[in-house]
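Okay, here's what each chain looks like letter by letter:
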Amino acid sequence: MGIALIQALAAHPTLELVAAGIRPGSQSLAQHQFERAGVAFAGELTVEQPAAMFERADAVIDFSAPEHAVGLAGLAALQKKILISGTTGLNSAQKEALI
């Protein structure tokens, strides 16, 4: 899903990719994904700390693990930003936390 989002944002006339959240230590994987998407790699876009994504962006799109999505929802609320979550496998408590 990440590659499709990178491609869509690269081609969109008004939207801009301002951060790409990555797991700590996965810089080379992120570079590979950008290259697969046909987008010139921009290392300054990758961030390992979720809070940095919300500092840079108006909205964050997430397709991570359920426990990560709940943490992102908390950051979004604190920073009054939009979180769009496509995460699956949420239990009832996690779904409630996202509402």
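Residues numbered from 1 in each chain as written. Predicted model: local features only at pLDDT ≥ 70, side-chain atom pairs only at ≥ 80, totals over all residues. Heavy atoms only, no water.

1. Regarding the overall build of the chain
- In terms of helices and strands, the chain carries five helices and four strands.
- Along its sequence from the N terminus, the chain presents helices and strands in the succession α-β-α-β-α-β-α-β-α.
- Relative to the globule expectation of 13 Å for 99 residues, the C-alpha radius of gyration of the chain, 14 Å, shows essentially globular dimensions.
- Along the first, second and third principal axes, the C-alpha atoms of the chain reach 40 × 25 × 20 Å.
- Split into buried and exposed, the 99 residues of the chain put 28% on the buried side.
- Looking at the chain alone, contacts between residues at least 24 apart form 50% of all its contacts between residues at least 6 apart.
- Accessible surface, the chain: about 6,400 Å² in total, of which carbon and sulfur atoms supply 56%. (Helix = DSSP H or I, 4+ residues; strand = E, 2+ residues; numbered from the N terminus. Rg over C-alpha atoms; globule rule 2.2 N^0.38 Å. Buried < 20%, exposed > 50% of the residue type's maximum accessible area, 1.4 Å probe, protein only. Contact = heavy atoms within 4.5 Å. Areas by Shrake-Rupley, 256 points an atom, 1.4 Å probe, with all protein chains shown as cover.)

2. Topic: the layout of surface pockets
- In this structure, the largest pocket spans a volume of roughly 1,300 Å³.
- The wall of the largest pocket is formed by 38 residues, among which Ala20, Gly21, Met53, Ile61 and Asp62 lie closest to the centre.
- At the level of elements, helix H1 (2-11), strand S1 (20-21), helix H2 (27-36), helix H3 (50-56), strand S3 (59-62) and helix H4 (66-79) are the ones that each hand at least two residues to the lining of the largest pocket.
- Tallied by class, the residues present in the lining of the largest pocket amount to 25 nonpolar, seven polar and six charged. (1 Å grid on protein atoms, 1.4 Å probe; cavity = no way out; pocket = protein on both sides within 12 Å on 5 of 7 lines; lining within 4 Å. Points joined across faces, edges and corners; volume = space filled by probe spheres on them. Nonpolar A, V, L, I, M, F, W, Y, C, P; charged D, E, K, R; others polar.)

3. Comments concerning unusual backbone geometry
- Its identity as a non-glycine residue notwithstanding, Lys80 has a phi of 55 degrees, on the positive side.
- Looking at the element boundaries, Lys80 is found in the loop between H4 and strand S4 (82-85).

These figures capture arrangement, not role.
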